[in-house]
Amino acid sequence: MRYHWNWGIFFELSPDGTYAYWQLLLFGAGWTLATALSAWLIALVFGSLVGVMRTTPSPWLVRIGNAYVELFRNIPLLVQMFLWYFVLPEVMPEAIGDWLKQLNNASFYNAVICLGLYTSARVAEQVKAGILSLRGGQRMAGLAIGLTLPQTYRYVLLPMAFRIILPPLASEFLNIIKNSSVALTIGLIELTAAARSMSEFSFQVFEAFTGATLIYIVINIVVVNGMQMLERRVAVPGFIGTAKPVAGH
Amino acid sequence: MNATGPAMITISNVSKWYGKIQVIKNCTAKIAKGEVVVVCGPSGSGKSTLIKCVNGLEPFEQGTIIVDGISVGDPKTKLPKLRARIGMVFQHFELFPHLSVIRNLSLAQVKVLGRDETTALANGMRLLDRVGLHEHADKFPGQLSGGQQQRVAIARALAMDPIAMLFDEPTSALDPEMIQEVLDVMVALAKDGMTMIVVTHEMGFARKVANRVIFMDKGEIVEDAPTADFFGKPRSERAQLFLSKILQH
Amino acid sequence: MFANIDWNIIVRSLPYLFFDGMRFTVTLTLLATAGGIVIGTLLALMRLSGIVPLALPAGAYVNLIRSMPLVLVIFWFFFLVPYIGQWATGSERPIQVGAFWSALVTFTLFEAAYFCEIMRAGIQSISRGQVQAAQALGMTYKTSMIEIILPQAFRNMVPVLLTQTIILFQDTSLVYVISVTDFLGAASKIAQRDGRLVEMYLFAAVVYFVISLAASHWVRRLQHRIAIIR
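Just so we're clear, the structure is a prediction, and the values are computed from it rather than from any experiment. (Residues numbered from 1 in each chain as written. Chains lettered and ligands numbered in written order. Predicted model: local features only at pLDDT ≥ 70, side-chain atom pairs only at ≥ 80, totals over all residues. Heavy atoms only, no water.)

A. Spatial organisation of the overall build of chain C. The secondary structure content of chain C amounts to 8 helices and 0 strands. Each of the three principal axes of chain C carries a C-alpha extent, and together these read 75 × 55 × 25 Å. Of all 230 residues assigned to chain C, the portion counted as buried reaches 51%. If you average the places of the 16 positive and of the 10 negative side-chain charges in chain C, the two averages end up 11 Å apart. (Helix = DSSP H or I, 4+ residues; strand = E, 2+ residues; numbered from the N terminus. Buried < 20%, exposed > 50% of the residue type's maximum accessible area, 1.4 Å probe, protein only. Lys, Arg positive; Asp, Glu negative; His and termini not counted. Charge placed at Lys NZ, Arg CZ, Asp CG, Glu CD.)

As C-alpha cells, this is what we get:
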C-alpha cells in the first residue's frame, strides 16, 4: 500500500468549496504572523520592564521580577494556554466568565496574551543579561553627570543593552512564531492547524505538511535576514557585542 | 656543546601564506643532532609559526622540512606518528585540565605509543622526579603555579622519548620569579644532549646553552650565526636594533 | 469564585496521574535526552569536521529542524514513522507504530538538533592550544577528540545541557496533539471525563512548576560549584 503523491492538491478546492488549499495555508500563515507579532509587542513591553526591574538597586523590585520570570518559565506553554482558555473564564465572576466564553476569536486573544506573557519572561532574561553585561561604570557615569536613574536607563544603559541582545532577541522572535503553533490546541487555525486540517480533508498528508514546512522556512529566512539588516543599521562603530550559547528553542 | 653532525632537522626554502599575507618567506636552516638553536625576533616575525611547521601543526605551501629523514610536508607522511617523535612545549603550557598531572604524562604513552599503564606511570614518575615535581603527581593542573605547569609540560613531552624538542616561547607567559625554574630544566636537557629549537626572548639562556642563534624578522631568517658571533658582532642592523631593545631590561 | 471546586478529584486521580501520566513524561524525557545528546554530539562533530559531505547534511538537518515548530515535527513523525518502518522492513503496508515510539523518535531527533548546537559551541570553546597539544603528542583526531576535547566540552556544557533537558521535560506536554497520555494528557482526560477542568489544569500547572523550579535551582547551584572549582 504505497502513498499516492499528488502535488496538485494545493490547487484543489477544500470541501467547503470556497478556497484552494494553498490559500487556506496562507490564511493559516497570516494568523500565525498576526498572533506572533501581537504577542511580540506584549513580550517586548513587559519583558523590558521586568528585565529592567531585575537590575535595579531595589531588592523588592528584583524579587518581583524574579518571581515573574520563574512563574512563566517553569510551566509548559501548553499548560499556560489551557489555564488562560479553559480555567480563567471559570474562576472569573460569572458575568465576565460568560462574556469571555462567547467572545469572537477567543482563541486568538488567548493565544496572544498567553504567548506574549510567556515570551516576556524570556525577553526579561535577555534584557537583564544585556544590562548586566555593561560595565558597572556606565551606570555610575550616567548618574555622575546628573541623570536620574530612570534617565540613565533610558539614555545610557538600554540603548547599548538592546544592541547587545539583538541576536538572542531575534531568536526569541523566531521562537514566538514557532510557539504560536501550540495555539492550535485551543482552536486557533494558524499554519500548522491549517496544514493538519488540509491533511485530514484531502488525505495528502505529506504534501500538506511540506507546504507548511516550506512556509515556516521562508518566514525564518525573512526574519533572520531582516534581523541582520537591523543589526547592521543600528550597529555602533567599533563595538563588538556578545552572545553566549544558551539552551532553549 | 659543539655539535656538528648529520642534520636532524632540515628546513629548505619554506614559505607560508595566510590567505594573501606571506608570513614565512623562503626560510632555510639546518639543525644537527644534539644542537640547541635559539630562534628570536620581534613579534609577528613568524618564529612561532615556523616552529609549528616543523611538526606539521601548521601546514606550509612551499619548500620542504625533513625531520630524521621524514618529509613533513609530504601528503603520504603519517603526521601523528611523526609528532610522537618530536616533543613540543607551548607558551600557555596546555596541560589537559581534566586530567591529573601523572595522567597528563601517561595518556599519550598509552594511547599513542601503546605502552601499558604501569610502564607509562613509572616513566611519568621518573620524569616528574627529573623536573623536581615528584610530590605533585596526583594534583590537577589548576592547582599548580605557572612555572610548575610548564615543567610538567616539559615532562609530558619528554615522556614520549622524542628525538628533538621544540619550545614555543616557553617562559613568555610566566611571572618573572618562575622563569628561572623552567630555564634550569631546559639547560639540564640541553646538557644531556637533546636536540632543541627554542623560540624565546631569554638571551641569558641563549648565551648559556645555545649553539646557534637564528634571528627572524617579518617572516625571513635575517641572521643564522653561532652564539658567540651573534652576540659579539651581529651583522645585520635589524638584529642589532632588536638586541639593543631586549638587552636593556 | 472558587465555590464549586472539588479538590478531592485531585487526590483520587493521583495514582493515574503519576503512575501512568508522569511515568510516561519522565521516561520520554530521560530517553530523549540520552538519545538526543548522543546524536547531537555526532551531528556537532559532523558539522565541525570540515568534510563537506558530512558537514552539509548535518547542517541542513539542524537548520531545518530548528526552523520548524515542535508541534509540526510531532505531526511529521507521527505520519512518517510508519512509512519508514515499512521501507526499513520491506513490508507491504505502513508499520503500525505505537504512539510512544513515535513520540520517542520525534523528541530524540528534534532535541538532537538543539543538543548539536550546544555541543558545537562547547567543542569550539576549547582553545586551539589544547588541540595542538594533543596533536603534538601524536594523538590522532579520534583519540584527541575522545580523550581531550569531548570530556572538556561536556564538562563545560553540563549546565546548558541540563537546562535543555528541563525544557524537554516541559515540551513533552505537546504529545497532547497526538492524543498520547503523558502527565498533561492524563490530567486532561480526567478533566474532560469529570468536567473538572479548573482543578486538574491548575494541579498540572503546579506540578510542572514545582518540578521545573526545583530542577533549575539545582542546576544553578551546580553551576556555582563548577565555577568555584575552575
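Moving on from the coordinates now.
B. Representation of the overall build of chain A. In terms of helices and strands, chain A carries 10 helices and 0 strands. Listing every helix and strand of chain A by position from the N terminus yields α-α-α-α-α-α-α-α-α-α. For chain A, the spread of C-alpha atoms along the principal axes amounts to about 75 × 50 × 30 Å. Taking all 249 residues of chain A together, the buried fraction comes to 49%. Taking the contacts inside chain A whose residues are at least 6 apart along the sequence as the reference set, 74% of them involve residues at least 24 apart. Within the structure as shown, chain A displays about 12500 Å² of accessible surface, and the carbon and sulfur contribution to it stands at 67%. For chain A, the centre of its 16 positive side-chain charges and the centre of its 12 negative side-chain charges are spaced 20 Å apart. (Contact = heavy atoms within 4.5 Å. Areas by Shrake-Rupley, 256 points an atom, 1.4 Å probe, with all protein chains shown as cover.)

C. A look at the interface of chain B and chain C. At the interface, 24 residues of chain B touch 19 residues of chain C. Overall, the association of chain B and chain C removes approximately 1700 Å² of surface from exposure, summing both partners, and the carbon and sulfur fraction of that is 62%. The largest per-residue losses of area from chain B upon contact with chain C belong to Glu94(B), Phe96(B) and His98(B), which jointly make up 32% of the total buried on that side. Linking chain B with chain C are 1 salt bridge. One salt bridge in this structure joins Lys111(B) and Glu147(C), with 3.1 Å as the shortest N-O distance. At the boundary of chain B with chain C, the tally comes to 5 residue pairs in polar contact (both at pLDDT 80 or more). Secondary structure elements with two or more residues in the side of chain B that touches chain C: α2 (79-85), β6 (86-89), α3 (101-111) and α5 (146-158) of chain B. With 4 residues, α3(B) is the single largest residue contributor to the side of chain B that touches chain C. In terms of residue class, the side of chain B that touches chain C is made up of 15 nonpolar, 2 polar and 7 charged. (Buried area = accessible area lost by both parts, 1.4 Å probe. Salt bridge = Lys/Arg side-chain N within 4 Å of Asp/Glu carboxyl O. Polar contact = N/O pair within 3.5 Å; in protein donor to acceptor, adjacent residues only side chain to side chain. Nonpolar A, V, L, I, M, F, W, Y, C, P; charged D, E, K, R; others polar.)

D. Representation of the sheet that holds strand β9 (residues 212-217) of chain B in the model. All names here are of chain B. A sheet is described by the order of its strands in space; here 6 strands give the open sequence β6-β7-β8-β3-β9-β10, paired in mixed fashion. Looking along the sheet, the strands with just one partner apiece sit at the ends: β6 and β10 (220-226). Taken over all neighbouring pairs, the strand axes of this sheet differ in orientation by 15° on average, direction set aside. Relative to strand β8 (residues 195-199), strand β3 (residues 36-40) is paired through 4 bridges, and the arrangement is parallel. Paired with Val37 across the strands is Ile197, a residue of β8. (Pairing = 2+ DSSP bridges. Axes fitted to C-alpha atoms, helices over the stretch in contact; angles between N-to-C directions.)

E. The arrangement of the side chain of Thr32(A) in detail. Residue and element names in this part refer to chain A. Mapped onto the elements, Thr32 comes out in helix α1 (residues 21-53). With relative accessibility at 0%, the residue Thr32 sits in the buried group. At 3.0 Å, the side chain of Thr32 and the backbone nitrogen of Leu191 are in polar contact. Setting aside residues up to four positions removed in sequence, Thr32 forms contacts with Ile177, Ser180, Glu190, Leu191 and Tyr216.

F. Just helix α4 (residues 99-124) of chain C, in detail. A rise of 1.5 Å per residue sets the reference length of α4(C), with its 26 residues, at 38 Å; its end C-alpha atoms lie 37 Å apart and thus fit the reference within 8%. Maximal helix bending in α4(C) amounts to about 30°, located at Ala113(C). (Expected span 1.5 Å × (residues − 1). Bend = angle between axes of the 7 residues up to and from the residue.)

G. Region of the structure containing the packing of aromatic side chains. Residue and element names in this part refer to chain A. The full count for this structure, using the stated rule, is 28 aromatic pairs over all chains. Arranged with centres 4.9 Å apart and planes meeting at 85°, the rings of Tyr19 and Phe27 form a pair that is edge-to-face. By relative accessible area, Tyr19 is classed as partly exposed at 37%. Residue classification places Phe27 among the partly exposed positions, given a relative accessible area of 42%. Both rings, one in Phe82 and one in Phe86, keep their centres 5.4 Å apart while their planes meet at 65°; by these two values the pair is edge-to-face. (Phe/Tyr/Trp six-rings, centres within 6.5 Å; stacked < 30°, edge-to-face > 60°.)

H. Focus on a nonpolar patch on the surface. Residue and element names in this part refer to chain A. On the surface, Phe11, Trp22 and Leu26 cluster together into a nonpolar patch covering about 350 Å² of accessible area. Tracing the backbone through its elements, the reader meets Leu26 in helix α1. Exposure remark for Leu26: the relative accessible area of 46% places this residue in the partly exposed category. (Patch = residues over 30% accessible without salt bridge, like charges linked within 9 Å, V, L, I, M, F, W, Y side chains within 5 Å.)

I. Representation of the pattern of salt bridges in the model. Counted according to the given criterion, the structure contains 22 salt bridges over all chains. A salt bridge links Arg212(B) to Glu35(B), with the nearest nitrogen and oxygen atoms 3.0 Å apart. Remark: Glu35(B) occurs in the loop between β2 (21-32) and β3 and Arg212(B) occurs in strand β9; sequence separation between them is 177 residues. Each member of the pair Arg212(B) and Glu35(B) is classed as buried. Connected through salt bridges with shared partners, the residues Arg54(A), Arg73(A) and Glu125(A) form a single ionic network.

J. Examining the interface of chain A and chain C more closely. The interface is formed by 37 residues belonging to chain A together with 47 residues belonging to chain C. Across the chain A/chain C interface, buried area totals approximately 3800 Å², and carbon plus sulfur atoms make up 75% of it. Our enumeration of links across chain A and chain C arrives at 1 salt bridge. One salt bridge in this structure joins Arg220(C) and Glu70(A), with 3.0 Å as the shortest N-O distance. At the junction of chain A with chain C, the criterion picks out 8 residue pairs in polar contact (both at pLDDT 80 or more). In terms of residues, the side of chain A that touches chain C owes the most to one element, helix α10 (residues 205-234) of chain A, which gives 9 residues. Grouping the amino acids of the side of chain A that touches chain C by side-chain chemistry returns 23 nonpolar, 9 polar and 5 charged.

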